[in-house]
Amino acid sequence: AWGTEYTDKILKALEVSDVRATFFMVEFWAEKYEDFVAKIHNAGHTIGTHSSTHSYMSKLNAEEIKTELKTSSEAIEKVTGGKVELFRAPYGDYDDELIKTASELGYYTIQWDVDSLDWKDLSASDIAMRVVNNVKNGSIILLHNNGLHTAEAVPVILETLKNRGFTFLPVDELIYKENY
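Calculation criteria
Residues numbered from 1 in each chain as written. Predicted model: local features only at pLDDT ≥ 70, side-chain atom pairs only at ≥ 80, totals over all residues. Heavy atoms only, no water. Helix = DSSP H or I, 4+ residues; strand = E, 2+ residues; numbered from the N terminus. Rg over C-alpha atoms; globule rule 2.2 N^0.38 Å. Areas by Shrake-Rupley, 256 points an atom, 1.4 Å probe, with all protein chains shown as cover. Lys, Arg positive; Asp, Glu negative; His and termini not counted. Charge placed at Lys NZ, Arg CZ, Asp CG, Glu CD. Salt bridge = Lys/Arg side-chain N within 4 Å of Asp/Glu carboxyl O. Buried < 20%, exposed > 50% of the residue type's maximum accessible area, 1.4 Å probe, protein only.

Draft legend 1. Spotlight on the overall build of the protein chain. Of regular secondary structure, the protein chain possesses 8 helices and 6 strands. Relative to the compact-globule value of 16 Å for 180 residues, the protein chain shows a C-alpha radius of gyration of 16 Å, a close match. With the principal axes as the frame, the protein chain shows a C-alpha extent of 45 × 35 × 30 Å. If you sum the accessible surface of the protein chain, you get close to 9,500 Å²; carbon and sulfur atoms cover 48% of it. Here the protein chain holds 18 positive side-chain charges and 29 negative ones, and the gap between their average locations is 3 Å.

Draft legend 2. Highlighting the pattern of salt bridges. In total, this model carries 8 salt bridges according to the counting rule given. Where Lys177 meets Glu85, a salt bridge forms, and the shortest distance between an N and an O atom there is 3.6 Å. Note that Lys177 is positioned in the segment after helix H8 (171-174) and Glu85 in the loop between helix H4 (62-80) and strand S3 (86-88), a separation of 92 residues in sequence. Given the relative accessible area of 31%, Lys177 is considered partly exposed. Among the residues examined, Glu85 registers a relative accessible area of 32% and is labelled partly exposed.

Laid out in structure tokens, this is it:
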């Protein structure tokens, strides 16, 4: 939902480390930065929706949720040509109605278990330490493409976790899609 000032540095760090990630995009960002949507997609990363307007989704009714998901996905699909299947609720704010509605529309709702707190403008070192000290097998790490020091922290995170034996997958390859 933020700008793009640091996105190229993050993409380069992912490329150098041979890591594919998942990017969740808000509709207004996807429309404003279609070139970045294409760049992220063409680099082999998975793209999911992060809603249309970055609302508190638990405050919306089913019809409003459907609109948020459909229009945001359409903005992404217009650029990538692929179907959006993943959804991450803004602020991690969700309720049963949201999960049910998203599922009915064919979305897998994603939550993270490691929050880097990069959105608080922590230093690169603090971001990296929060992540590497809290990751376990199967973790989903929350980072933001335009956090002030995120791009500096990403190479440290990737190198440290790789040295500890971790491998990385986009979320759509990590989650169970059947019998869960």
